[in-house]
Amino acid sequence: MDLVSFPLNDCHGYSVKFSPFVERRIACVASQNYGLSGSGFLFILDLSPSNHLTLAVESRWTDGLFDLAFAEDHPDIILTASGDGGIQLWDLKTPEVPKLVWKEHSREVCCLDWNQTRQQQLVLSSSWDRSIKLWDPKGTNSLCTFLGHSDLVYNVSWSPHLPNCFASVSGDHTLCIWNSTKPGQPVVKLTAHPTEVLACDWSKYDRNVIVTGGVDGRIKAWDLRNTSTPCFELIGHEYAVKRLRFSPHQAHLLASCSYDMTTRVWDTRRLQPEVFSHHREFVYGLDFSCLTPDKIVDCSWDRTVSIYTPPSVLNTV
């Protein structure tokens with residue numbers, strides 16, 4: 001499997017993503033003391049030709065960091081989300097301090113997503129304050145606020161197909177679909193799980209399909225043309241599903257990570273996952289590489305980030 005790990009010192013990993021520009025580069029945000037106190041760190045790591053992870057850049061913030069988003073228009077710009085309600089915009093050429101800080105959320109910012117269609121440069125943030133905000137990365141204030149959830153908004157995700165469409169999931173058990181040009185009520189709102197919903201992700205191959213992951217340990221796929229029942233359900237995680245990622249290279253591959261300390265790669269045609277148990281604590285961050293088809297990365301509260309090649313990604317049948 002060629003697993004390579006990197007120690008995050010005394011920090012617990014919260015989110016990790018591949019660069020959309022620099023092949024074999026990842027970014028990870030981690031926090032001291034499980035994010036309850038102390039600082040947060042942004043680690044930029046490169047996978048060398050000899051298959052070692054090396055530290056390229058390290059930045060520090062005064063509060064815990066819980067999510068990140070690479071810019072879609074510049075390889076050196078990255079956003080981080082912090083426990084003090086702030087969002088930091090970093091230039092990796094000058095990583096000592098952020099170029100810009102937005103602070104409009106009143107509680108922890110737990111998710112960031114940069115619009116991937118590249119037709120427009122817009123960012124979404126979601127927070128424990130129950131709100132979602134829309135940002136222009138070059139602006140100083142949010143463009144608008146979306147209010148429709150009655151509990152923490154854990155995850156927000158732009159559609160990779162429709163520029164003005166995004167999804168959100170919440171502790172209120174619901175999945176919402178929004179039009180970013182109409183900051184009123186969501187276009188679609190459905191009860192996705194009987195528990196808090198922590199994760200969602202869009203299919204990269206079917207504009208109508210989105211998956212959700214809940215505290216019930218289940219993964220459900222929804223076809224937005226008919227949301228009366230899930231189009232499939234994946235059962236296997238023993239505890240809450242923290243993050244979901246559809247493969248950008250194979251329509252039937254979906255990865256998930258969980259509080260059960262595993263990462264799983266599912267073939268949705270067979271509903272049987274590969275299970276990876278290399279972490280010793282909750283697995284919080286997860287991503288597929290869009291530039292290197294055989295790589296996946298995850299990070300954990302066990303203070304490590306790991307990059308590897310699941311056998312299933314090599315099987316294109």
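This is a predicted model, so every value here is computed, not measured.

Undergrad: How should the overall build of the protein chain be read in this particular structure?
TA: For the protein chain, the helix and strand inventory stands at 1 helix and 28 strands. Computed over the C-alpha atoms, the radius of gyration of the protein chain is 18 Å, within 12% of the 20 Å expected from 2.2 N^0.38 for a compact globule of 317 residues. Once the C-alpha set of the protein chain is aligned to its principal axes, its extents read approximately 50 × 45 × 35 Å. Put simply, the protein chain has 317 residues, and 61% of those count as buried. In the protein chain, the share of contacts with a sequence separation of at least 24, taken over all contacts with a separation of at least 6, comes to 45%. Per element, the accessible surface of the protein chain, about 12300 Å² overall, is 50% carbon and sulfur.

Undergrad: It is not clear to me how the state of the cysteines should be interpreted in this structure. Could you clarify?
TA: Put plainly, two cysteines are in a disulfide when a covalent bond ties their sulfur atoms together. One pass over the structure, following the stated rule, counts 0 disulfides. Here Cys-144 stays free of any disulfide, with the sulfur of Cys-165 as its closest cysteine sulfur at 14 Å. Considering cysteine sulfurs only, Cys-200 is the nearest to Cys-165, which forms no disulfide, with 11 Å between them. Here Cys-165 falls in the buried class, since its relative accessible area comes to 12%.

Undergrad: Sorry, what's going on with the packing of aromatic side chains here?
TA: The geometry of an aromatic ring pair is captured by two quantities: the separation of the ring centres and the angle between the planes. All chains considered together, the criterion is met by 16 aromatic pairs. Grouped by ring-pair contacts, the aromatic residues Tyr-14, Tyr-34, Phe-66, Tyr-259, Phe-282, Tyr-284 and Trp-301 constitute a single cluster.

Undergrad: Would you explain the sheet that holds strand β10 (residues 109–114) in this entry?
TA: The strand order across the open sheet formed by 4 strands is β10-β11-β12-β13, and the pairing between neighbours is antiparallel. Taken across any chain shown, the strands that pair with only one partner, and hence form the sheet edges, are β10 and β13 (144–147). Each strand of the sheet is rotated relative to its neighbour by a mean of 20 degrees, with strand direction disregarded. Note: β10 against strand β11 (residues 123–127), 5 bridges, orientation antiparallel. The partner of Asp-113 across the bridge, within β11, is Leu-124.

Undergrad: Is there a simple way to explain unusual backbone geometry in this structure?
TA: Among all residues save glycine, negative phi is the norm, and among peptide bonds the norm is trans. Even without a glycine there, the phi angle at Arg-24 is positive, about 70 degrees. Mapped onto the elements of the fold, Arg-24 is located in the loop between β2 (11–18) and β3 (25–32). Backbone geometry places Arg-130, a non-glycine residue, at a positive phi of 80 degrees. With respect to the helices and strands, Arg-130 occurs in the loop between β11 and β12 (131–135). Overall, Arg-130 belongs to the partly exposed group, its relative accessible area being 44%.

Undergrad: What am I meant to see in the sheet that holds strand β23 (residues 253–258) here?
TA: Through backbone hydrogen bonds, the strands of a sheet pair up, either in parallel or in antiparallel fashion. With respect to topology, 4 strands assemble into an open sheet ordered β22-β23-β24-β25, the strand pairing being antiparallel. Of all the strands in the sheet, just β22 (241–246) and β25 (272–276) have a single pairing partner and so form its edges. With strand direction ignored, the average angle separating the axes of adjacent strands in the sheet is 20 degrees. As paired strands, β23 and strand β24 (residues 263–267) are joined by 5 bridges and run antiparallel to one another. Looking at β24, one finds that Ala-255 is bridged to Val-265.

Undergrad: Sorry, what's going on with the environment of His-12 here?
TA: Mapped onto the fold, His-12 is located in strand β2. The spatial distance from the C-alpha of His-12 to the C-alpha of Phe-41 is 9.7 Å, given a sequence separation of 29 residues. Other than its neighbours up to four places away in sequence, His-12 contacts Val-29, Ala-30, Ser-31, Gln-32, Asn-33, Tyr-34, Ser-300, Trp-301 and Arg-303.

Undergrad: For this particular structure, what's the right way to read the pattern of salt bridges?
TA: Once their charged atoms are close, side chains differing in charge can pair, the charge on each being opposite to the other. Scanning the model with the defined rule gives 13 salt bridges in all. Here Lys-17 ties to Asp-67 by a salt bridge, and the two come within 3.6 Å at their closest N and O atoms. Pair noted here: Lys-17 is in strand β2 and Asp-67 is in strand β6 (residues 65–70), with a separation of 50 residues, a long-range link. For the pair Lys-17 and Asp-67, one class covers both residues: buried. Lys-133 is paired through a salt bridge with Glu-104; the nearest N and O atoms lie 3.6 Å apart.

So, how was this worked out
Every chain's residues receive numbers from 1 upward, in the order its sequence appears when written. The model is predicted, so local features are restricted to residues of pLDDT at least 70 and side-chain atom pairs to those at 80 or more, both for listing and for counting; the totals for chains, interfaces and linings are taken over all residues. Water and hydrogen atoms play no part in the side-chain values, which are based on all heavy atoms of the structure. To qualify as a helix, a DSSP run of H or I must reach at least 4 residues; to qualify as a strand, a run of E must reach at least 2; elements of each kind are numbered from the N terminus. As a reference, a globule follows 2.2 Å times the number of residues to the power 0.38, and the radius of gyration itself is taken over C-alpha atoms. Categorising residues by exposure relies on relative accessible area from a 1.4 Å probe, with only protein chains included: less than 20% of the type maximum marks a residue as buried, more than 50% marks it as exposed, and the intermediate range marks it as partly exposed. Note on contacts: a residue pair is in contact if any heavy atoms of the two residues lie within 4.5 Å. Here the open area of atoms and residues is found with the Shrake-Rupley method and a 1.4 Å probe, where only the protein chains shown may cover a residue. What counts as a disulfide here is a pair of cysteine sulfur atoms lying within 2.5 Å. Geometry of aromatic contacts follows a simple scheme: Phe, Tyr and Trp rings, the Trp one being its six-membered ring, pair when their centres are within 6.5 Å, and the pair is stacked under 30 degrees between planes, edge-to-face over 60, tilted otherwise. Should DSSP find at least two bridges between two strands, the strands are regarded as paired. Note on geometry: axes are C-alpha line fits, over the in-contact stretch for helices, and angles between N-to-C directions span 0 to 180 degrees. Just to be clear on terms, a salt bridge is a Lys or Arg side-chain nitrogen sitting within 4 Å of an Asp or Glu carboxyl oxygen.

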